[in-house]
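Spelled out, the chains give:
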Amino acid sequence: MPLALIISSHVAGSQVGATAQATALAQFRIDSMVVPTVLYGRHPGWGIPGGAPVPIEVFEGMMDGIEANGLFGLVDLVITGYFATAAQARAAARVIDAVRESPRPNGAATRRPTVVVDPTMGDAGKGLYIPAETADAIIADLIPRADVVACNSWELQKLTGTDTRDPQAAMRAARLLGKTTLVSSVHRGTEIGAVLADRKEAWLAAHAKAERSPNGTGDLLTALYAASILEGQTFSYGLARAVGGVAETVTAANIWNAPELPIVAMGARIKQTSPTVRIERLA
């Protein structure tokens, strides 16, 4: 069974961050170890979240315990997301190095862990919503270590300093990072979707904009695409299935008037493509 290490927020009452990602990965029979960066009661979008950031000594102590049990050498996937402090981001960078350097037991020496970095820093209309020094640490210490960068279009613009207003612009900006990049919240007309690009190919998966979308869609998209990497799926299918899983979950939330993403209720449906999603190769 594949094993993921998720370093992000734990939010008890909202399907966001590591909470949402571990739930989604379970549908693919991927075990998750969650090391939280914050312990919140609800998403800050609802108001004062309750709880607090995880102190760095607690954060590093949890990592030490995982490593002491020999689990770094079993990790197939690392996902990083929200960080409350620059110290946490720098510690996560050291963990990524340790995971990659750990011996792989049981004849798995050629199985290289995949590192997916979601530089959770801000969004359109909100701007930067973490301390500037934390964002700087994510950019300096985590982005260079990523195999895949999974960001929204606002974050991609911050990373590259270039326009990301439409799919073609997002593709060009993504290629400036020099690694596989998944860009969410890409708009074109009445559609919204995601662009997946590397140096060789680029794809857009898009669908009609929903009237309402609960928090956590970017976290869910990252987890669903990461699962496709472990399965060895193609670029286009992995993107289409990930965007389809998010689109179907958002649709269900609207039909059921659910305040949070109904990831558990969706079950295996998040593993399927959606007829509402259009996939297109970008030039």
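Every residue gets a number counted from 1 within its own chain, in the order that chain's sequence is written. For this predicted model, a pLDDT threshold of at least 70 governs which residues receive local features, and a threshold of 80 or more governs which side-chain atom pairs are given and counted, while totals over whole chains, interfaces and linings are taken from all residues. Where side-chain values are given, they derive from all heavy atoms of the structure, hydrogens and water being excluded.

Observations concerning the pairing of strand β10 (residues 191–197)
A simple rule labels every residue: compare its accessible area, found with a 1.4 Å probe on the protein chains alone, to the largest value its type can have, and call it buried under 20%, exposed over 50%, or partly exposed in between. Put simply, DSSP marks the helices as runs of H or I at least four residues long and the strands as runs of E at least two long, and each gets a number from the N terminus on. Here β10 lies mainly inside the structure; 6 of its 7 residues are buried. Bridge count between strand β9 (residues 180–188) and β10: 6 bridges; the pairing is antiparallel. What sits directly across from Leu-182, in β10, is Leu-196. A pair of strands is considered paired only if DSSP assigns at least 2 bridges between the two. With antiparallel pairing between neighbouring strands as the criterion, β9 and β10 make up a hairpin whose turn holds 2 residues, including Gly-189 at a positive phi of roughly 60 degrees. Pairing between β10 and strand β11 (residues 202–208): 7 bridges, direction antiparallel. Of the residues in β11, the one forming a bridge with Ala-194 is Ala-205. Linking β10 back to β11 in an antiparallel pair, the connection comprises 4 residues.

Looking at the environment of Gln-168
With respect to the element layout, Gln-168 can be found in helix α6 (residues 167–176). Overall, Gln-168 belongs to the partly exposed group, its relative accessible area being 31%. Each C-alpha atom of the pair Gln-168 and Leu-204 lies 9.2 Å from the other, and the pair is 36 residues apart in sequence. A contact between two residues is defined here by any heavy atoms of the two lying within 4.5 Å. Not counting residues up to four positions away in its chain, the partners in contact with Gln-168 are Leu-282 and Ala-283.

As for the nonpolar core
We call a set of buried Ala, Val, Leu, Ile, Met, Phe, Trp, Tyr and Cys residues a nonpolar core when their side-chain atoms join them within 4.5 Å. The biggest cluster of nonpolar side chains holds 55 residues, and the ones touching the most others in it are Leu-5, Ile-7, Phe-59, Val-78, Phe-83, Leu-142 and Val-195. If you tally residues by element for this core, the top one is helix α3 (residues 86–101), at 9 residues. Ranked by size, the runner-up nonpolar core spans 38 residues in total, among them Ile-6, Ala-18, Val-148 and Ala-252.

Re the packing of helix α1 (residues 17–26) against helix α7 (residues 217–231)
In contact at an axis separation of 9 Å, α1 and α7 are set at 35 degrees when each is read in the N-to-C sense. Taken as a pair, α1 and α7 cross one another with a handedness that is right-handed. Contact residues: Gly-17, Gln-21, Ala-24 and Leu-25 in α1; Asp-219, Leu-220, Thr-222, Ala-223, Leu-224 and Ala-227 in α7. Polar here means any residue other than Ala, Val, Leu, Ile, Met, Phe, Trp, Tyr, Cys and Pro, which are nonpolar, and Asp, Glu, Lys and Arg, which are charged; Gly is therefore polar. In terms of residue class, the contact of α1 with α7 is made up of 6 nonpolar, 3 polar and 1 charged. A fitted line through C-alpha atoms represents every axis, and for helices the fit uses only the stretch in contact; the resulting angles, taken between N-to-C directions, go from 0 to 180 degrees. In this scheme the handedness of a crossing depends on how the near helix is turned from the far one: anticlockwise by less than a right angle means left-handed, clockwise means right-handed.

Concerning the environment of Lys-179
Structurally, Lys-179 is set in the loop between α6 and β9. When the C-alpha positions of Lys-179 and Tyr-129 are compared, they lie 25 Å apart, and in sequence the two are 50 residues distant. In contact with Lys-179, not counting residues within four places along its chain, are Ile-143, Pro-144, Arg-145, Ala-146, Asp-147, Val-149, Ala-174 and Ala-197. The definition of a polar contact used here is a pair of N or O atoms within 3.5 Å, where within protein one atom must be able to donate a hydrogen and the other to accept one, and adjacent residues in sequence count solely through side-chain atom pairs. One polar contact links the side chain of Lys-179 to the main-chain carbonyl oxygen of Pro-144, over a distance of 3.2 Å. One polar contact links the side chain of Lys-179 to the main-chain carbonyl oxygen of Ala-146, over a distance of 3.0 Å.

Comments concerning the sheet that holds strand β5 (residues 114–117)
If you trace the 10 strands from one edge of the open sheet to the other, you get β3-β2-β1-β4-β5-β8-β9-β10-β11-β12, paired in mixed fashion. Each edge of the open sheet carries a strand with a single partner, namely β3 (51–53) and β12 (278–281). Shown here is a sheet whose adjacent strand axes are inclined to one another by a mean of 25 degrees, direction ignored. Lying on the sheet, helix α2 (residues 56–68) is in contact with β1 (3–11) and β2 (31–40); it crosses β2 at an angle near 170 degrees. Where helix α8 (residues 235–255) meets the sheet, its contacts fall on β9, β10, β11 and β12, and the angle it forms with β11 comes to roughly 20 degrees.

Here's the deal with the pattern of salt bridges
For this document, the term salt bridge refers to a Lys or Arg side-chain nitrogen within 4 Å of an Asp or Glu carboxyl oxygen. Using the criterion set out here, one finds 11 salt bridges in the structure. A salt bridge links Arg-94 to Glu-60, with the nearest nitrogen and oxygen atoms 2.8 Å apart. Taken as a pair, Arg-94 in helix α3 and Glu-60 in helix α2 lie far apart in primary sequence, 34 residues in all. Classification of Glu-60 as partly exposed rests on a relative accessible area of 30%. Across the pair Arg-100 and Asp-147 runs a salt bridge whose closest N-O atoms are separated by 3.1 Å. Remark: Asp-147 occurs in the loop between α4 (132–142) and β8 (148–152) and Arg-100 occurs in helix α3; sequence separation between them is 47 residues. By relative accessible area, which is 28% here, Arg-100 ends up partly exposed. Using a relative accessible area of 22% as the deciding quantity, one classes Asp-147 as partly exposed.

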